[in-house]
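Listed below are the residues making up each chain.
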Amino acid sequence: MLEIALTHIVLGLSIAAPLGPINIEIMKRGIHKGFWSSLLVGAGGMSADLILMYLMYFGIATFVKLTAVQISLMILGAIILTVSGIQGFLSRVSLDEENDKEGAGLFHSYLTGFMIAAFNPMNLLFWLGIYGSVLSVSLQQPDKWQAFFLSALVFIGIGLWNINLCMTVHFGKSLMKPRTLRAISVTASVVLLFFGLRFGYLAAEMIFVASK
């Protein structure tokens, strides 16, 4: 049982670790705003993941595969990521953690993380492919509560990765020069813009194919 638990925690770590929009946004917020803003971006993303877990348990996969739904998600994802990338260019790097304690700013960080995860087609397809297979195996067991238990372990793995990334950025930026932090921030913003423009292109391509 311990081996199964560790396997699913590692799966959660593996799901969260690849460099994608959420991790980029966590890094960007950590550089510009501080630890709590970056942590709440991860919390927002995890909230969206939790809702996806719940919906997948009740069979959302068929709905997500609809062309209209995929186009809508790509358009929303393109808008959110493009705006976030532009904000990164306009924001200044801050080493003052006092600027990270404003309630409105923290809520905005949480909401941004939630929106990126919820409307990111890559995230949805990844969950359908990886988590969907785990869930289907779990549901074949006599004890259906095992599916919820394994899902919770995957979720714990995601949380551990987010905390690790937030702490790495938090403690790492104090060792870097402002110019280096600015370069990292610009790079992160470029990556977010790339994802946003890519989703916009894919949405336009799907609309063109569907209109034929």
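Residues numbered from 1 in each chain as written. Predicted model: local features only at pLDDT ≥ 70, side-chain atom pairs only at ≥ 80, totals over all residues. Heavy atoms only, no water.

For the pair helix 2 (residues 21-32) and helix 5 (residues 67-90), interaxial distance at closest approach is 11 Å and the crossing angle is 25°. Looking at the two axes, helix 2 sits roughly parallel to helix 5. Helix-helix and strand crossings are classified by hand; for helix 2 and helix 5 the assignment is left-handed. Across from Pro21, Glu25, Lys28, Arg29 and His32 in helix 2, the residues of helix 5 making contact are Leu81, Ser84, Gln87 and Gly88. (Axes fitted to C-alpha atoms, helices over the stretch in contact; angles between N-to-C directions. Helix = DSSP H or I, 4+ residues; strand = E, 2+ residues; numbered from the N terminus. Parallel < 35°, antiparallel > 145°, perpendicular 65-115°, else oblique. Left-handed = near helix turned anticlockwise from the far one by under 90°. Contact = heavy atoms within 4.5 Å.)

Let us now look at helix 5. It helps to recall that an α-helix has 3.6 residues per turn; residues three or four apart then point in one direction. With 24 residues, helix 5 should cover 34 Å at 1.5 Å per step; its first-to-last C-alpha distance of 35 Å lies within 8% of that length. Burial in helix 5 covers these residues: Val69, Ile71, Leu73, Met74, Gly77, Ala78, Ile80, Leu81, Ser84, Gly85 and Gly88. (Expected span 1.5 Å × (residues − 1). Buried < 20%, exposed > 50% of the residue type's maximum accessible area, 1.4 Å probe, protein only.)

What follows concerns the environment of Leu76. Mapped onto the elements of the fold, Leu76 is located in helix 5. Judged by relative accessible area, Leu76 falls into the partly exposed class, the value being 35%. Residues Leu76 and Asn120 lie 44 residues apart in sequence; the distance between their C-alpha atoms is 8.0 Å.

A few words on the pattern of salt bridges. Summed over the entire model, instances satisfying the criterion amount to 2 salt bridges. One salt bridge connects Lys28 with Glu25, and the closest N-O pair in it is separated by 3.4 Å. Residue Lys28 and its partner Glu25 are located together in helix 2, separated by 3 residues, close to a single helical turn. Residues Lys28 and Glu25 agree in their burial class; the two are buried. Its salt-bridge partner being Arg29, residue Glu25 comes within 2.8 Å of it at the nearest N-O pair. Taken together, the positions of Glu25 and Arg29, both in helix 2 and 4 residues apart, correspond to about one turn of that helix. Each member of the pair, Glu25 together with Arg29, is buried. A single network of salt bridges, built from pairs that share partners, joins Glu25, Lys28 and Arg29. (Salt bridge = Lys/Arg side-chain N within 4 Å of Asp/Glu carboxyl O.)

Once that is clear, we can look at the nonpolar core. Ranked by internal contacts, the top residues of the largest apolar core, which has 21 residues, are Ile22, Ile26, Leu81 and Ile116. Counting residues per element, the ones that place at least two in this core are helix 2, helix 3 (35-57), helix 5, helix 6 (103-118), helix 8 (145-172) and helix 9 (178-210). In terms of residues, this core owes the most to one element, helix 9, which gives 5 residues. Of all hydrophobic cores here, the second largest spans 7 residues; its members include Ile15, Ala16, Val154 and Ile158. (Core = buried A, V, L, I, M, F, W, Y, C linked by side-chain atoms within 4.5 Å.)

Before going further, it helps to examine the packing of helix 5 against helix 9. Between helix 5 and helix 9, whose axes approach to 7 Å, the crossing angle comes to 155°. Taken together, the axis directions place helix 5 and helix 9 in an arrangement best described as roughly antiparallel. Along this stretch, helix 5 crosses helix 9, giving a crossing that reads as left-handed. Partitioning the contact of helix 5 with helix 9 into residue classes produces 18 nonpolar, 11 polar and 1 charged. (Nonpolar A, V, L, I, M, F, W, Y, C, P; charged D, E, K, R; others polar.)

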